[in-house]
Amino acid sequence: MRCLLLLLFVLLASSQAAAQATLREAFAHRFVMGATLGDDHLFGRAVGSLELVKREFAAVSPENVLKWNRLQPRPGDFRFGPADRFVDYAEQNNLRTLAHVFVWHKQTPDWVFARPSGRRRSRDEVLVLLREHIDRVMTRYRGRIDAYDVVNEAIAPDAARAKPDGLRDTEWLRAIGPDYIEQAFRFARAADPGAELLYNDYLFHDPAKRRAILRLVKNLVRRGVPIDGVGVQGHYRLNDPPIEQIEATLDELIAELRPLGLTIRITELDVNVLPRDPTRTQALALRTLDEATTQEQAERYADLFRVFVERSEHLEGVTFWGVGDGRSWLNRLELEGKRRPVVNHPLLFDRKLQRKQPAYDAVIRAARANP
């Protein structure tokens, strides 16, 4: 009887320990689980978030503090304080880092492309500024930041109609030409030979855009450009895109990119619970997550992580875009032609930074499947 009771106690203790496993622990043998940190986390306005992150995650990315307009708002005026704080926090808590982002069509100051007089800068001038910016940042954090999104969202959403080669019409393209992507990666490798260099984009499940991204990345590899991997943004909705489409997309990326030696990451993951084009009434109706939507979101996360776990040998990491619902970028949406505040619930932690048990538990269960 004593042996039986002891066995039951051990089994119960093991079950309770498993139930209390964190994301970091549950996925340690699968891939690196990460989250992004915003200003509110780094400067203490989101109480408890930093404790939660170091407990639940194994990697961090900055939402804004490493973007150009924050690091160098004026020529030569580098403001490294917030970025230093981000890197220090990661080091102190044994967290890997994925920095975001050098080259993007947003959050780049106008002075990069035009002089104070308004005259457009030449290609050579912009290339010098780009090289100096990347070099200054990456040499400062050499050996301390693991990976960088070097270029973000360079392919147009409507890639089939965009020229040349599906590239988005941006200031970078107009100032330098189509090789601006190649130049950015070469500058980055020269600045930090040990960092992982990534191309990051969204809408991979759209066939035309996916083909354009694959064409871009393969051409970079063919020309010997130092690119190490691809980030697949995961801004999903409850039922869009269908899970079968996400599966097929990842399978194609694995088949096309892994033989080239490129890593694949899921980046910027969240599950938007609002309709694609919500009315203000619909947006306000979900101020509190109702039971049906709570369950639907949990099922969506269960499906997503089933797909990720089944392909975990090919995935370097999965990063949530945010920590708790209250600070998510999805709390501002396009409504009635304007950006308006809404109450969204896209993440695994609520506005009090408590686990949203149905969704959180679904993700943990996925980690234990297919051992």
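Residues numbered from 1 in each chain as written. Predicted model: local features only at pLDDT ≥ 70, side-chain atom pairs only at ≥ 80, totals over all residues. Heavy atoms only, no water.

Moving on, we get to the pairing of strand 9 (residues 332–335). Of the two faces of strand 9, only one is covered, namely that formed by Leu 333 and Leu 335; the face formed by Arg 332 and Glu 334 stays uncovered. Examined bridge by bridge, strand 9 and strand 10 (residues 338–341) share four bridges and lie antiparallel to one another. Counted as the bridge partner of Leu 335 is Lys 338 from strand 10. Count of turn residues in the strand 9/strand 10 antiparallel hairpin: two residues, of which Glu 336 carries a positive phi of about 55 degrees. (Buried < 20%, exposed > 50% of the residue type's maximum accessible area, 1.4 Å probe, protein only. Helix = DSSP H or I, 4+ residues; strand = E, 2+ residues; numbered from the N terminus. Pairing = 2+ DSSP bridges.)

When their charged atoms lie close together, side chains carrying opposite charge are able to pair. With the rule as written, the count across this model stands at 28 salt bridges. A salt bridge links Arg 174 to Glu 171, with the nearest nitrogen and oxygen atoms 3.8 Å apart. Remark: Glu 171 and Arg 174 occur in helix 8 (residues 171–176); sequence separation between them is three residues, near one turn of the helix. Exposure remark for Arg 174: the relative accessible area of 48% places this residue in the partly exposed category. Classification of Glu 171 by relative accessible area gives partly exposed; the value is 29%. The closest approach of N and O atoms between Lys 209 and Asp 201, which form a salt bridge, is 2.8 Å. Asp 201 sits in the buried class, given a relative accessible area of 0%. Several salt bridges converge on common partners, so that one network encompasses Glu 247, Asp 251, Arg 306, Glu 310 and Arg 311. (Salt bridge = Lys/Arg side-chain N within 4 Å of Asp/Glu carboxyl O.)

By size, the foremost hydrophobic cluster in this structure holds 113 residues, and its most contacted members are Phe 305 and Phe 308. Non-local contacts of Phe 305, meaning those with residues more than four positions away in its chain, are made with Phe 27, Phe 31, Met 33, Leu 269, Val 318, Phe 320, Val 363 and Ala 366. (Core = buried A, V, L, I, M, F, W, Y, C linked by side-chain atoms within 4.5 Å. Contact = heavy atoms within 4.5 Å.)

For the protein, the average pLDDT comes to 91, and 92% of its residues sit at 70 or higher. pLDDT under 50 marks residues 1–18. Its contacts with residues more than four places away, or in other chains, come to one contact. (pLDDT = per-residue confidence, 0-100.)

Here the focus is the packing of aromatic side chains. In total, this model carries 14 aromatic pairs according to the counting rule given. Consider the rings of Trp 68 and Trp 172, whose centres lie 5.8 Å apart with planes at 45 degrees: the pair is tilted. One end of the pair, Trp 68, is in helix 5 (residues 68–71); the other, Trp 172, is in helix 8, with 104 residues separating them in the sequence. One exposure class covers both Trp 68 and Trp 172, and it is buried. Between the aromatic rings of Phe 102 and Tyr 148, the centroid separation amounts to 5.4 Å while the plane-to-plane angle is 15 degrees, which identifies the pairing as stacked. Residue Phe 102 is found in strand 3 (residues 96–103), and its partner Tyr 148 is found in strand 4 (residues 147–152); the two are separated by 46 residues along the sequence. These aromatic residues form a ring-pair network of at least three members: Phe 27, Phe 31, Phe 57, Tyr 301, Phe 305, Phe 308, Phe 320, Phe 349 and Tyr 360. For the cation-ring pair, Arg 131 lies above Phe 187, with the distance from its terminal atom to the ring centre recorded as 5.9 Å. Taking the ring centre of Tyr 202 as reference, the NZ or CZ of Lys 209 above it sits at 3.6 Å. (Phe/Tyr/Trp six-rings, centres within 6.5 Å; stacked < 30°, edge-to-face > 60°. Lys NZ or Arg CZ within 6 Å of the ring centre and 35° of its normal.)

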